[in-house]
Amino acid sequence: MTGVAGRGGGCRGSGRRAAAGKEGGRSRSAQPRAAGGGGSGSGGGSEEEEQEQQRDGGSLFLVNKSGFPMDGQTWERMWGHVERVHPDGGAVAAAIRSAARLARPSVPPVPNYKLSMSIPEWLQAIQTYMKMLQYNHTGTQFFEIRKSRPLSGLMETAREMTRESLPIKCLEAVILGIYLTNGQPSVERFPISFKTHFSGNYFHHVVLGIYCNGRYGSLGMSRRSDLMDKPLTYRTLSDLIFEFEDSYKKYLHSVKKVKIGLYVPHEPHSFQPIEWKQLVLNVSKMMRTDVRKELEKFARDMRMKILKPSSAHSPMKERPRGKSLSPRRRQGSPQRRACRRDKSPAVLDKKGDLAALNEVGYQLRI
C-alpha cells in the first residue's frame with residue numbers, strides 16, 4: 001500500500017538493509033510456513049504468484065510470504081522488480097548484490113515507556129522509531145499482514161518487525177503502532193483507510209488513528225511526511241480526516257473513500273480480528289457538512305462503546321419448520337400437569353371446620 005505515487009529514490013537504503021538481512025542470516029523466523037496459511041514455497045505455481053501480485057496505483061504490490069530468511073524465488077523477484085521500476089534499477093541492484101562487503105545496518109532500539117513521559121511524548125517516541133526503520137521502497141512488503149487474522153497473530157508479526165528491524169510500509173506501521181501502544185489503556189487506536197485517485201490510477205493508504213483525552217491524532221508511515229503521523233491536537237475526528245484530505249490535495253490526489261474501523265482492544269492475546277471498515281464514506285459524492293455529521297456521530301458512538309464488531313454478532317440459527325427446539329420428552333417421563341401449581345396461601349374451605357373462627361369471623365392464630 002502506498003499513500004502517494006512516487007518511484008524515484010529511496011530504494012538503495014531499503015535494498016541494502018534487506019540484503020544484509022538475507023546474507024547475514026540474523027533472522028529468528030526461519031520456520032517454514034504452511035501452504036494453506038499464506039506461505040509460498042519455492043515450488044509455487046504461477047496462479048499463486050498472480051494472486052500475490054496485487055496492483056496499487058498501477059504498479060505491482062508484492063508481499064514476502066516465505067518468512068525470514070526469504071526463499072530464493074521471493075528474493076529474486078524483489079530484485080527483478082527493483083530493476084524494472086527504479087530509474088537506475090539495474091545499476092543499483094548490481095552495485096548492492098556484487099558488493100564484497102556490505103555495511104551492517106543500524107538496529108534502532110525499541111522505545112520503552114517511562115512514567116515521566118506524557119502521552120504525546122510517548123506517541124512521538126513511537127513515530128521516531130518507525131522513521132528510524134525507514135519506509136520500504138523495494139516494492140516488496142517484507143511482513144505479510146492478513147487483515148482477517150486474529151489480533152494475537154498480528155502482534156506476533158509486530159514482534160517480528162522489532163526483531164528484524166527492516167523497512168516497513170503503511171499497513172505494517174499500523175500493526176506496529178498497535179503493538180507499541182498496547183500498554184496504554186487511555187490511548188484508543190483505530191484504523192483509518194483512504195482510497196484516492198490520481199492520473200487515472202487508484203491508490204490505497206492506511207494510518208492508525210489515535211484518540212486520547214478528547215483529542216485525535218495518528219501514527220503511520222508514508223512516502224510523504226504529511227500523510228502519516230498527525231499530532232494529538234485535533235478536537236474532532238472530522239478535523240483529522242479533513243486534514244488528511246487537504247494534505248492529499250497538495251499532491252493532486254482526490255480522496256474517493258474513507259474507511260474507519262473500531263477501537264482495537266488492548267488485549268494482545270485476543271482472538272478477535274481488527275474491525276477495519278465499520279464506517280465507509282464515499283466522500284467524493286458527499287458534501288463536507290454531511291461527511292462531518294457522519295464522522296461525529298460515528299466518533300460519539302465509538303466513545304460511548306455502542307458499536308460492536310461484526311465478528312461479535314453470531315448468526316442466528318434458522319428454526320426448522322414444524323420442529324420444536326426443546327428436547328424431546330422420553331416415553332417414561334411423567335406428563336406435566338395441565339396447570340401450574342398455585343403457590344398462593346391456602347384458602348379456607350367454606351365447608352371446613354369453623355371452630356377456629358371466633359364470633360366475628362376471624363381466624364385465631366396461636
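Quick note: structure is the one above.
Residues numbered from 1 in each chain as written. Predicted model: local features only at pLDDT ≥ 70, side-chain atom pairs only at ≥ 80, totals over all residues. Heavy atoms only, no water.

What follows deals with the sheet that holds strand 9 (residues 279-281). As summarised here, the arrangement of the 6 strands in space is 7-6-5-4-8-9, forming an open sheet in which the pairing is antiparallel. Single-partner strands in this sheet number two, and they are strand 7 (230-234) and strand 9. Along the sheet, successive strands turn relative to each other by an average axial angle of 25°, direction set aside. Alignment of strand 4 (residues 188-198) against strand 8 (residues 254-260), held across 6 bridges, turns out to be antiparallel. Residue pairing across strands places Phe-194 opposite Val-258, the latter belonging to strand 8. Lying on the sheet, helix 5 (residues 119-133) is in contact with strand 5 (201-212), strand 6 (215-219) and strand 7; it crosses strand 6 at an angle near 15°. Sheet contacts for helix 7 (residues 170-180): strand 4 and strand 5; angle to strand 5, the most-contacted strand, approximately 15°. (Pairing = 2+ DSSP bridges. Helix = DSSP H or I, 4+ residues; strand = E, 2+ residues; numbered from the N terminus. Axes fitted to C-alpha atoms, helices over the stretch in contact; angles between N-to-C directions. Contact = heavy atoms within 4.5 Å.)

What follows covers the nonpolar core. When a protein is soluble and globular, its nonpolar side chains tend to lie buried together. Ile-168, Ile-175, Leu-176, Ile-178 and Ile-274 are the most contacted members of the largest nonpolar core, which has 46 residues in total. Elements with a contribution of two residues or more to this core: helix 3 (72-85), helix 4 (89-97), helix 5, helix 6 (151-164), helix 7 and strand 5. Those residues in contact with Leu-176 that lie beyond four places of it in its chain are Tyr-129, Met-130, Leu-133, Ala-158, Met-161, Thr-162 and Ile-168. Ranked by size, the runner-up nonpolar core spans 27 residues in total, among them Val-207, Tyr-234, Val-291 and Leu-295. (Core = buried A, V, L, I, M, F, W, Y, C linked by side-chain atoms within 4.5 Å. Buried < 20%, exposed > 50% of the residue type's maximum accessible area, 1.4 Å probe, protein only.)

This part takes up the packing of aromatic side chains. Inspection of the entire model under this criterion finds 8 aromatic pairs. Ring centres of Phe-68 and Phe-143 lie 5.3 Å apart, and the angle between their planes is 55°; this geometry places the pair in the tilted category. With Phe-68 in the loop between strand 2 (59-63) and helix 3 and Phe-143 in the loop between strand 3 (140-141) and helix 6, this pair connects stretches of sequence that are 75 residues apart. Summarising the burial analysis for this pair, Phe-68 and Phe-143 share the class buried. Measuring from ring centre to ring centre gives 6.3 Å for Phe-190 and Tyr-216, while their planes differ by 80°; the resulting arrangement is edge-to-face. Note that Phe-190 is positioned in strand 4 and Tyr-216 in strand 6, a separation of 26 residues in sequence. The class of Phe-190 is buried, set by a relative accessible area of 0%. Taken together through their ring pairs, the aromatic side chains of Phe-190, Tyr-211, Tyr-216 and Tyr-263 make up a single cluster. (Phe/Tyr/Trp six-rings, centres within 6.5 Å; stacked < 30°, edge-to-face > 60°.)

The end-to-end C-alpha distance of helix 8 (residues 237-250) is 21 Å, a good match for the 20 Å that 14 residues give at a rise of 1.5 Å each. Taken as a whole, helix 8 has its buried residues at Leu-237, Ser-238, Leu-240, Ile-241, Phe-242, Phe-244, Glu-245, Ser-247 and Tyr-248. Considering only its buried residues, helix 8 is in contact with strand 4, strand 5, strand 6, strand 7, strand 8 and helix 9 (288-303). Count one or two residues on from helix 8 and you reach Leu-252, which has phi positive near 65°. (Expected span 1.5 Å × (residues − 1).)

Helix length check: helix 3, at 14 residues, gives a terminal C-alpha distance of 20 Å against a target of 20 Å (1.5 Å per residue), a fit within 8%. Three or more residues of helix 3 are buried, namely Thr-74, Trp-75, Arg-77, Met-78, Trp-79, Gly-80, His-81 and Val-82.

Attention now moves to the pattern of salt bridges. Working definition: two side chains of opposite charge can pair if their charged atoms are close together. The tally for this structure, following the rule as stated, stands at 10 salt bridges. Its salt-bridge partner being Arg-288, residue Glu-245 comes within 3.5 Å of it at the nearest N-O pair. Taken together, the residues span a long stretch of sequence, with Glu-245 in helix 8 and Arg-288 in helix 9 at a distance of 43 residues. Take Glu-245: its relative accessible area is 16%, and that puts it in the buried class. Sharing partners across several salt bridges, the network here consists of Glu-156, Arg-159 and Arg-163. (Salt bridge = Lys/Arg side-chain N within 4 Å of Asp/Glu carboxyl O.)

Moving on, we get to the side chain of His-205. As for its placement among the helices and strands, His-205 is situated in strand 5. Here the side chain of His-205 touches Leu-227 through a polar contact of 2.7 Å, landing on its backbone oxygen. (Polar contact = N/O pair within 3.5 Å; in protein donor to acceptor, adjacent residues only side chain to side chain.)

Let's shift gears to the packing of helix 5 against helix 7. Close contact between helix 5 and helix 7 brings their axes to 11 Å; oriented N to C, the two are set at 140°. The orientation of helix 5 relative to helix 7 falls into the category oblique. Like other packed secondary-structure pairs, helix 5 and helix 7 cross with a definite hand, here right-handed. Contact with helix 5, carried on its side by Trp-122, Ile-126, Tyr-129, Met-130 and Leu-133, involves Ala-173, Leu-176, Gly-177 and Leu-180 of helix 7 and no other residues of that element. (Parallel < 35°, antiparallel > 145°, perpendicular 65-115°, else oblique. Left-handed = near helix turned anticlockwise from the far one by under 90°.)

Geometric descriptors of this kind do not, in isolation, establish any biological role.
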